[in-house]
Amino acid sequence: MDKFFKLRENKTTVRTEILAGLTTFLSMAYVLFVNPSMLATTGMELKAVFVATILASVVGSLAMGLIANYPIGLAPGMGLNAFFAYTVCAQWGIPWQTALAGVLVSGLVFICLTLSGIREKIVNAIPTELKFAVGAGIGFFIAFLGLKNAGIIVPNESTILALGDLHSGPVLLAVFGIVITVAYMTIGWKGAIFFGMATTAIAGMLFGLIDVPTQVVSSVPSIAPTFGQAIIHLPDIFTPQMLIVILTFFFIDFFDTAGTLVAVATQAGFIKDDKIPRAGRSLFSDSIATVFGAIFGTSTTTSYVESTAGVAVGGRTGLTAVVIAICFSLSLFFSPLLGVITSAVTTPALVIVGILMIGNVAHIDWTKFEVAVPSFFVILMMVLTFSIATGIAIGFIFYPITMVLKGRYKEVHPIMYVMMVLFILYFMFVV
């Protein structure tokens, strides 16, 4: 084990790696319940998605640990699942089976681009400010989504949106969940999001707002309702609308993984001469996870920034990721707990993840108007149109325009001009 994972070379031990794996798992375990509840809104079978979520996380984390030897956990990505459920399926009316096929194709494209080395070139083509704007925009979108689902924010004829009924039990439970999770996060409790959800669920059962489960452990649910649907419906992806879907899946996961890799590598001290060792292997692991996740029946699988929690307690090798995979596999037997995970329970997780992602705005140079305009529209339009894809499209249209008008057209990569034209054509002929 020491030779395979290079434990001594990375100045770590088996005990430390196990502790790091447990820490990261607890920090990202909320996805076990949030992802199925979100994707179930599309008509997908809840328990099947629960199993698919776990299997995708196991495959991804094992690949990251055994192939790349990085202490990074993988699971279906937040933001990507929201785009899948609320934009692709709910707004655009695309069946979830076809959407899964889109995820599968994006994963296959990832594998090809990673093996060819093109993936890095595409990353460099997108301006840094827009990368951060997309991350921040998804943060606002996810937080708004959580507040809406819990009834804290509701429609209003006069003001469009308004505060919900604070005398309602489920709404008060969601507010309590947010407050207690914020408290856990503030004091630095490892796995704060997971324990915040657990505390909220327990409070809901104590006050009769959530039904008490009749059992905690059960046999593994069937994955049959979702397994293989992505392959069966591959012929359905050949439409202009699905092209936008695939590109959006591709884009978000592209930078989500890259950002997580940089964050973990920086915290762990892996970066040397501004380069991340084994970066290609980690990106390849992420691609494999997305392909298998789509086949199992879940939205895009990606690297989780919560992995920094494990690195903070000493995780330095792929053994940490292997421990994460083992923890996820054991979760297969706890499907009865899905019944206690209501929207009030998932809201704290969505809000906290949103808060963490919104921090990306600090890296945008708001003093440069030509940069501020497209960044602003990316963030604002994601929330106002309730569509991650629309926010990205509008921001990517404005960026070349403002840069050209500012006389900085030489700084715009040709790929950005191509994307501007594609998005304009999309609004003209598809939307």
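The model shown is predicted, which means the values in this text are computed figures rather than measured ones.

A. Main features of the pairing of strand 3 (residues 160-163). Alignment of strand 2 (residues 153-156) against strand 3, held across four bridges, turns out to be antiparallel. Among the inter-strand pairings, P155 is bridged to a residue of strand 3, identified as L161. In this antiparallel pair of consecutive strands, strand 2 and strand 3, the connection spans three residues.

B. Fine view of the packing of aromatic side chains. For the structure on display, the rule yields 19 aromatic pairs. Judged by centre distance (6.2 Å) and plane angle (35°), the ring pair of F84 and F249 falls under tilted. With F84 in helix 5 (residues 80-91) and F249 in helix 12 (residues 240-268), the pair connects residues that are 165 residues apart, well separated along the chain. F249 gets classed as buried once you look at its relative accessible area, which sits at 0%. Members of the aromatic cluster, joined through ring pairs, are F83, F84, W92 and F249. R278 extends its terminal NZ or CZ atom over the ring of Y70, reaching a point 4.7 Å from the ring centre.

C. How the structure looks around helix 10 (residues 192-206). Between its first and last C-alpha atoms helix 10 spans 21 Å; for 15 residues at 1.5 Å apiece the expected length is 21 Å, and the two agree. For helix 10, the full list of buried residues reads A192, I193, G196, M197, T200, A201, A203 and G204. Elements in contact with the buried residues of helix 10: helix 3 (31-39), helix 9 (169-186) and helix 16 (343-358). Looking one or two places after helix 10, you find G208, whose phi comes out positive at around 75°.

D. Quick look at the side chain of S57. Mapped onto the fold, S57 is located in helix 4 (residues 46-68). Residues within four places of S57 in sequence aside, it is in contact with L74, A75, P76 and F328.

E. Up close: the packing of helix 18 (residues 388-405) against helix 19 (residues 414-429). Contact geometry for helix 18 and helix 19: axes closest at 9 Å, N-to-C directions at 130°. In this view, helix 18 runs oblique relative to helix 19, as classed from their interaxial angle. Helix 18 and helix 19 meet at a crossing whose hand is left-handed. When helix 18 is examined against helix 19, the residues T390, I392, A393, I394, F396, I397, Y399, P400, I401 and V404 are found in contact with a partner set consisting of M416, Y417, M419, M420, F423, I424 and F427. Of the residues that constitute the contact of helix 18 with helix 19, the class distribution is 16 nonpolar, one polar and no charged.

F. Region of the structure containing helix 18. Between its first and last C-alpha, helix 18 extends 26 Å over 18 residues, near the 26 Å set by a 1.5 Å rise per residue. Burial analysis of helix 18 places 14 of its 18 residues in the buried class, the great majority of the element. Just downstream of helix 18 lies G407, where phi reads positive at about 85°.

G. Here's a closer look at the environment of V345. One can find V345 in helix 16. In this structure V345 comes out as buried when scored by relative accessible area, which is 0%. The spatial distance from the C-alpha of V345 to the C-alpha of I152 is 13 Å, given a sequence separation of 193 residues. In this structure, V345 is in contact with M197, T200, A201, I210 and V340, ignoring residues within four places of it in sequence.

H. The domain arrangement of the chain, seen in detail. With domains assigned, the chain is organised as domain 1 (7-359) and domain 2 (365-430). Between the C-alpha centres of domain 1 and domain 2 there is a distance of 26 Å. Opposite the 27 residues of domain 1 that make contact, domain 2 presents 23 residues. Of the roughly 2,300 Å² buried at the junction of domain 1 and domain 2 (both faces included), carbon and sulfur atoms supply 84%.

Calculation rules
Residues numbered from 1 in each chain as written. Predicted model: local features only at pLDDT ≥ 70, side-chain atom pairs only at ≥ 80, totals over all residues. Heavy atoms only, no water. Pairing = 2+ DSSP bridges. Helix = DSSP H or I, 4+ residues; strand = E, 2+ residues; numbered from the N terminus. Phe/Tyr/Trp six-rings, centres within 6.5 Å; stacked < 30°, edge-to-face > 60°. Buried < 20%, exposed > 50% of the residue type's maximum accessible area, 1.4 Å probe, protein only. Lys NZ or Arg CZ within 6 Å of the ring centre and 35° of its normal. Expected span 1.5 Å × (residues − 1). Contact = heavy atoms within 4.5 Å. Axes fitted to C-alpha atoms, helices over the stretch in contact; angles between N-to-C directions. Parallel < 35°, antiparallel > 145°, perpendicular 65-115°, else oblique. Left-handed = near helix turned anticlockwise from the far one by under 90°. Nonpolar A, V, L, I, M, F, W, Y, C, P; charged D, E, K, R; others polar. Domains from an automatic or database assignment. Buried area = accessible area lost by both parts, 1.4 Å probe.

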